[in-house]
Amino acid sequence: MLNRRNFLTAAVGVAAAGTLAACAKEDKGSTGTSSGGSKTITLGFSQVGSESGWRSANTDSVKAAAKEAGYNLKFSDAQQKQENQISAIRSYIAQKVDVIAFSPVVVTGWDAVLKEAKAAKIPVVLTDRSVETSDDSLYVTLVGSDFTDEGRRAGKILEKVLEKAGHKGPVKIAQLEGTTGAAPAIERAKGFKEVMDADHKDDWKIVVSQTGDFTRAGGKQVMAAFLQSNPDINVLFAHNDDMAIGAIQSIEAAGKKPGKDILIVSIDGVKDGFVAMSEGKINAIVECNPLLGPQLMEVVKTVHDGGSVERWIKTKEGDFMQDQAKAALPTRKY
Ligand code: GYE
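The residue count restarts for each chain, going from 1 along the sequence in the order it is written. Owing to the predicted nature of the model, reporting of local features is limited to residues with pLDDT of at least 70; listing and counting of side-chain atom pairs is limited to 80 or more, with chain, interface and lining totals taken over all residues. The side-chain numbers reported here are obtained from all heavy atoms of the structure, hydrogens and water having been left aside.

Let's hear about the site of the ligand: which residues, and what values?
A cutoff of 4 Å decides nearness: a residue is near a molecule or strand if any of its heavy atoms lies inside that distance of it. For the ligand, the set of nearby residues contains 13 residues, the closest of which are Glu51, Arg129, Arg188, Asn240 and Asp268. Counting of polar contacts relies on pairs of N or O atoms within 3.5 Å, with two restrictions inside protein: one atom must be capable of donating a hydrogen and the other of accepting it, and residues adjacent in sequence are counted only when both atoms are side-chain atoms. For the ligand, an oxygen atom lies 2.8 Å from a polar atom in the side chain of Arg129. Side-chain polar atom of Arg188 to an oxygen atom of the ligand: 2.8 Å apart, as the coordinates give it. Here the Shrake-Rupley method, with its probe set to 1.4 Å, supplies the accessible areas, and only the displayed protein chains count as covering residues. Relative to its unbound accessible area of 300 Å², the ligand is 100% covered by the protein chains. In a pocket analysis with a 2 Å cut-off to the grid points, the ligand is assigned to the largest cavity. Of all elements in the fold, only helix H2 (53–69) and helix H6 (183–199) reach the threshold of two or more residues within the shell around the ligand. Two kinds of site are reported from a 1 Å grid over the protein atoms alone, namely cavities, where a 1.4 Å probe fits but cannot get out, and pockets, open sets with protein on both sides within 12 Å along at least five of seven lines, and residues are called lining when an atom falls within 4 Å of a point. In this scheme, a molecule is assigned to a cavity or pocket if more than half of its atoms are within 2 Å of the grid points. The numbering of helices and of strands both runs from the N terminus, where a helix is a DSSP run of H or I of at least 4 residues and a strand a run of E of at least 2.

Go over helix H7 (residues 216–229), please, and point to the residues and values.
In a helix, the anticipated span is given by 1.5 Å times the number of residues less one. Over its 14 residues, H7 extends 20 Å from the first C-alpha to the last, a length consistent with the 20 Å expected when each residue adds 1.5 Å. Buried within H7 we find Gly218, Gly219, Val222, Met223, Phe226 and Leu227. For H7, the arc enclosing every buried residue in end-on projection is 150°, short of the 170-degree limit, so these residues lie on one face. Residues of H7 that are exposed and point over 90 degrees away from its buried face: Ala217, Gln221 and Gln228. The buried label applies to any residue whose accessible area, calculated with a 1.4 Å probe on protein chains only, is under 20% of its type's maximum; exposed applies above 50%, and partly exposed to all values in between. Arc definition: it is the arc formed by the directions from the helix axis to the C-beta atoms.

Pulling in residues and values, what's your account of the pairing of strand E5 (residues 141–144)?
Residues of E5 alternate between two faces, with Thr141 and Val143 on one and Leu142 and Gly144 on the opposite face, all of them buried. Summarising the sheet, strand E4 (residues 124–127) and E5 pair through three bridges and their orientation is parallel. Looking at the pairing, Leu126 lines up with Leu142 of E5. Where E5 and strand E11 (residues 312–314) come together, three bridges link them in parallel fashion. Directly across from Val143, in E11, lies its bridge partner Ile313. For two strands to be treated as a pair, DSSP must find at least two bridges joining them.

Summarise the packing of aromatic side chains; cite the residues concerned and give the values.
The aromatic pairing rule takes the rings of Phe, Tyr and Trp, using the six-membered ring of Trp, and pairs them if the centres are within 6.5 Å, calling planes under 30 degrees apart stacked, those over 60 edge-to-face and the rest tilted. All chains considered together, the criterion is met by five aromatic pairs. Their ring planes at 15° and their centres at 4.3 Å tell us that Phe192 and Phe237 sit as a pair that is stacked. Here the residue Phe192 occupies a position in helix H6, and Phe237 occupies one in strand E8 (residues 235–238), the gap between them amounting to 45 residues. Phe192 gets classed as buried once you look at its relative accessible area, which sits at 0%. Among the aromatic residues, those joined into a cluster by ring pairs are Phe192, Trp204 and Phe237. Placement of a charge over a ring requires the Lys NZ or Arg CZ to be within 6 Å of the ring centre, with the centre-to-atom vector within 35 degrees of the ring normal. It is Arg311 that lies over the ring of Tyr139; its NZ or CZ is 4.0 Å from the centre.

So what's going on with the sheet that holds strand E3 (residues 99–102)? Residues and values would help.
Read from one edge of the open sheet, six strands run E2-E1-E3-E4-E5-E11, paired in parallel fashion. At either margin of the open sheet sits one strand with a lone partner, and together these are strand E2 (72–77) and E11. Ignoring which end each strand starts from, the neighbouring axes of this sheet average 20° apart. Sitting on the sheet, helix H3 (residues 82–94) is in contact with strand E1 (42–47), E2 and E3, with an inclination near 170° to E1. Note on definitions: angles span 0 to 180 degrees between N-to-C directions of axes, and those axes are lines fitted to C-alpha atoms, for helices only across the stretch in contact. Only heavy atoms enter the contact rule, under which two residues are in contact if any of them lie within 4.5 Å.

Residue-level account of empty space enclosed by the protein, with values.
Grid points are joined across faces, edges and corners, and a volume is the space filled by probe spheres set on the points. Enumeration according to the criterion identifies three cavities of 30 Å³ or more in this entry. Computed from the structure, the largest cavity encloses a volume of approximately 90 Å³. Lining the largest cavity are 13 residues, with Trp54, Arg55, Arg129, Arg188 and Asp268 sitting closest to its centre. At the level of elements, H2 and H6 are the ones that each hand at least two residues to the lining of the largest cavity. Of the residues contributing to the lining of the largest cavity, the split by class is five nonpolar, two polar and six charged. Only Asp, Glu, Lys and Arg are considered charged, only Ala, Val, Leu, Ile, Met, Phe, Trp, Tyr, Cys and Pro nonpolar, and every remaining residue, Gly among them, polar.

Tell me about the nonpolar core, and please be specific about residues and values.
Leu158, Ile173, Phe192 and Trp204 are the most contacted members of the largest nonpolar core, which totals 27 residues. Put simply, the parts of the chain that give this core at least two residues each are H2, helix H5 (147–164), strand E6 (171–177), H6, E8, strand E9 (263–268) and strand E10 (284–287). With six residues, H5 is the single largest residue contributor to this core. Split by domain, the residues of this core number at least three in each of domain 1 (25–144 + 291–316) and domain 2 (147–288). Phe192 has contacts with Gly151, Arg152, Ala154, Gly155, Leu158, Ile173, Trp204, Ile206 and Phe237, leaving out every residue within four places of it along the chain. Here, the term nonpolar core denotes a set of buried Ala, Val, Leu, Ile, Met, Phe, Trp, Tyr and Cys residues that are joined through side-chain atoms within 4.5 Å. In this document the domain limits rely on a domain assignment from an automatic tool or a database.

Here it is, written out as structure tokens:
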């Protein structure tokens, strides 16, 4: 562990020194200095897409924080396609940015492009979502949430929701999964299943589970199909609020009451999720905070300056039941 940390720190130091030298050459004669007199950091950021309210809030937070920090931000939206993210990262390498940050749409398939960034001595910071790689030196740190824990929290909060509703009998769960192969989809499902396996082997069952790609349209369409094939579903676990909101439309169209006939737990805590919760249509929400911008900019600076950072910088978040929705709504920032 210690060895890896030291190695990483050294690698970051070397990378930062290398990029500084390279950029000094590139920027010769330009006015690229911040008020402190040090060189402006150029950050290349590849965003997943604009699939959800969470994502819009995250994009706004990254853009505002980069502006506030005085960085030169190069931003691109990959429209939920890995090949677009790979092209964006390659273009940041070609432009010799100082640091690359990205939120990987799926977990696998990054080694080749990350090796190119390493060869160009450009440090990479993951934000929001993680990757699976055989080589730990390919990225410096992840700034983001613990999705497995969010899944566990969703399971635990469902226990409270069922109790509050006075639910008796079998719990037939429909699961709306996030984007297939994405860290939050894999890990939220895993955490939720852990709670089921540990405490609800006999009384809870996931009767249908399919991806809605983290979008409202996806949630709506898949929920309509679920209700056709399994009209006796009494719980919906949605991996994000947007899919829950889409699903609510299909539940109402089927003549059922969301939040009553079908109890709903989702993840994120975006404003529209809170609105649906205050209307009694969502029963509980596990928060996933998208406002990662300020923390990301700090990390980028440390990494750029050759400092060491934790391997995983976790986001702090809370859980909310329906009766807290109205009071919490005015203070929600996203
Ligand atoms: O929950 C969902 C978004 O990666 C945490 O992506 C993020 C997820 C978030 O589309 O709404």
